[in-house]
Amino acid sequence: MQVQTLQVSDPWDRVKAELKNELGEDIFSNWFGRVKHEETNGDAVRLSVPTPFLKNWILSNYEKQLVNLWQRQHDDISRVELTVRGALRPRPAGSQSPKPIKARRISGRAAPFATNPQFGSVNTAASIPCLADTGEDAAADFLNGAALNPKLTFDTFAEGTSNSLACAAVRQMAAGHDGSLGLLYIHSSTGIGKTHLLQAAATEARKGGRRVAYLSAEFFMYHLVPALRTPAYPVLRQAMKSIDLLLIDDLQFLHGKQGHEEFGKTLEMLMESPMKIIMAADRAPDEMSTLGTTVRQRIQTGEVVTIQATDYALRHDILKKRIFSARRTHPGFTVPDEVIDYIARYVISSARDLEGALNRLFAHNQLTKQPVTMQLAEKTLHDLVRIGEPRSIKVEDIQNVVCKHFSVTKADLLSSCRARTLVRPRQIAMYIAKVMTGRSLPEIGRRFGNRDHTTVLHAVRKIESMVAGDAALAQEVELLKRLVHA
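Residues numbered from 1 in each chain as written. Predicted model: local features only at pLDDT ≥ 70, side-chain atom pairs only at ≥ 80, totals over all residues. Heavy atoms only, no water.

Turning to the packing of aromatic side chains, a few remarks are in order. For the structure on display, the rule yields five aromatic pairs. Measuring from centroid to centroid gives 6.0 Å for tryptophan 12 and tryptophan 70, while their planes differ by 5°, and the two rings are stacked. Separated by 58 residues along the polypeptide, tryptophan 12 in helix H1 (residues 11-23) and tryptophan 70 in helix H4 (residues 63-73) bring together distant segments of the chain. For tryptophan 12, a relative accessible area of 5% translates into the label buried. Taking 6.0 Å as the distance between ring centres and 20° as the angle between the ring planes, the aromatic pair formed by phenylalanine 28 and phenylalanine 32 counts as stacked. Taken together, the residues span about one helical turn, with phenylalanine 28 and phenylalanine 32 both in helix H2 (residues 25-32) at a distance of four residues. Under the relative-accessibility criterion, phenylalanine 32 is labelled buried at 1%. One aromatic cluster is present, built from ring pairs that chain together Phe28, Phe32 and Tyr62. (Phe/Tyr/Trp six-rings, centres within 6.5 Å; stacked < 30°, edge-to-face > 60°. Helix = DSSP H or I, 4+ residues; strand = E, 2+ residues; numbered from the N terminus. Buried < 20%, exposed > 50% of the residue type's maximum accessible area, 1.4 Å probe, protein only.)

Here it is in structure tokens:
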């Protein structure tokens, strides 16, 4: 039986409600939050999106689903068209990569970056010039960039609903597909995976033979900005425009009038070339006041993606990947499932803290040769977990978790509909609200569509009885409790 959605008159609103039911709130928000219905004309529906990337992704992954949902509204619909309403500024006609400038020898030696490993072996008449030692040094610094951690690859990146959009966008840019994004800006709180994604992109792009520069904002400010005001500028400018992919991490550390002015000029210059640019920071571009209005506006013409905080499922996956990686070099290292669950439930600050927790257990195991146990985890990780100060659980938190788990909308959960697909999630949500919050039965009833307290009491007793005799349901309810705590 199909779940009934909100009673709305606009067909697009009904299609969106069905998409939320089928995909879940997080996936819907990631991919369809900025989609607009432009018109319905004959057998075609025209939708618009802000970037070519979203257009390509939706057409590749959801076109058939969209057509089916629209056909439920209008039988004669046979196709869905997507247009881009906010594409990046087009490059001037006939623009191309800068012409190569022949390198010349300095003091009897060739330029060191003429054989830089990220470009492969090239002739000394390479595309990177050397006019002076200062220019050579500045260009070499730029091309070498910051060191990459070989462990930070796409294979070791744990993907979940909170970061799937960012991961998909970065993968496309690393692969260099024609028609994909030109400028991508990723932001999230510290330790959620921005640096991992950028370094993974650098590694992947270099494997594909593309020319890459991976820089931190501090490197840009303290190494490149001074060079931009010296005779080295022509050399450095040519080096910058020779690359395929530029990655700038920790953009929030770019500060000072000179820093953001030079960054703005450089960004303008780079966006006129065919290269792709990925930037990352700990806040949205409109909150980066140090960048200046012009730079913020240019960033917002590209794709801006948020990485949300990790949920329990993603934290659990991160831990499993890290343990698998550790076992490659130390096959005897094992972590019981109950310890993995304990860490995923209560070490919630960041992915870095998760890795730190695992490193502590690994170090103890290697130094003492004692197995990892629950007792060891509780003793070793006491300063990272948050069991001692549990956050206040809200009924709304429980409703959101239950809706996401059972793929129903909150409006349906609170409605009077008695469909079997809704009654069970509603009763479970009421039961969890009773055991996890200090709310009275009448208060819980009011939070569930103004239901009577006897309805809540019936739901609580019903689930209590079912949990006692159904191990699978008991495990499912415990999982939901943990997700609420996460």
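Following the structure, the description resumes.
Next up on the list: the pattern of salt bridges. A full pass over the atoms with the stated rule returns 14 salt bridges. We note a salt bridge from lysine 16 to aspartate 13, for which the minimum N-O separation is 3.6 Å. Here aspartate 13 and lysine 16 lie together in helix H1, a separation of three residues that amounts to about one turn. When salt bridges with common partners are traced through the structure, they connect Glu18, Glu22 and Arg72 into a single cluster. (Salt bridge = Lys/Arg side-chain N within 4 Å of Asp/Glu carboxyl O.)

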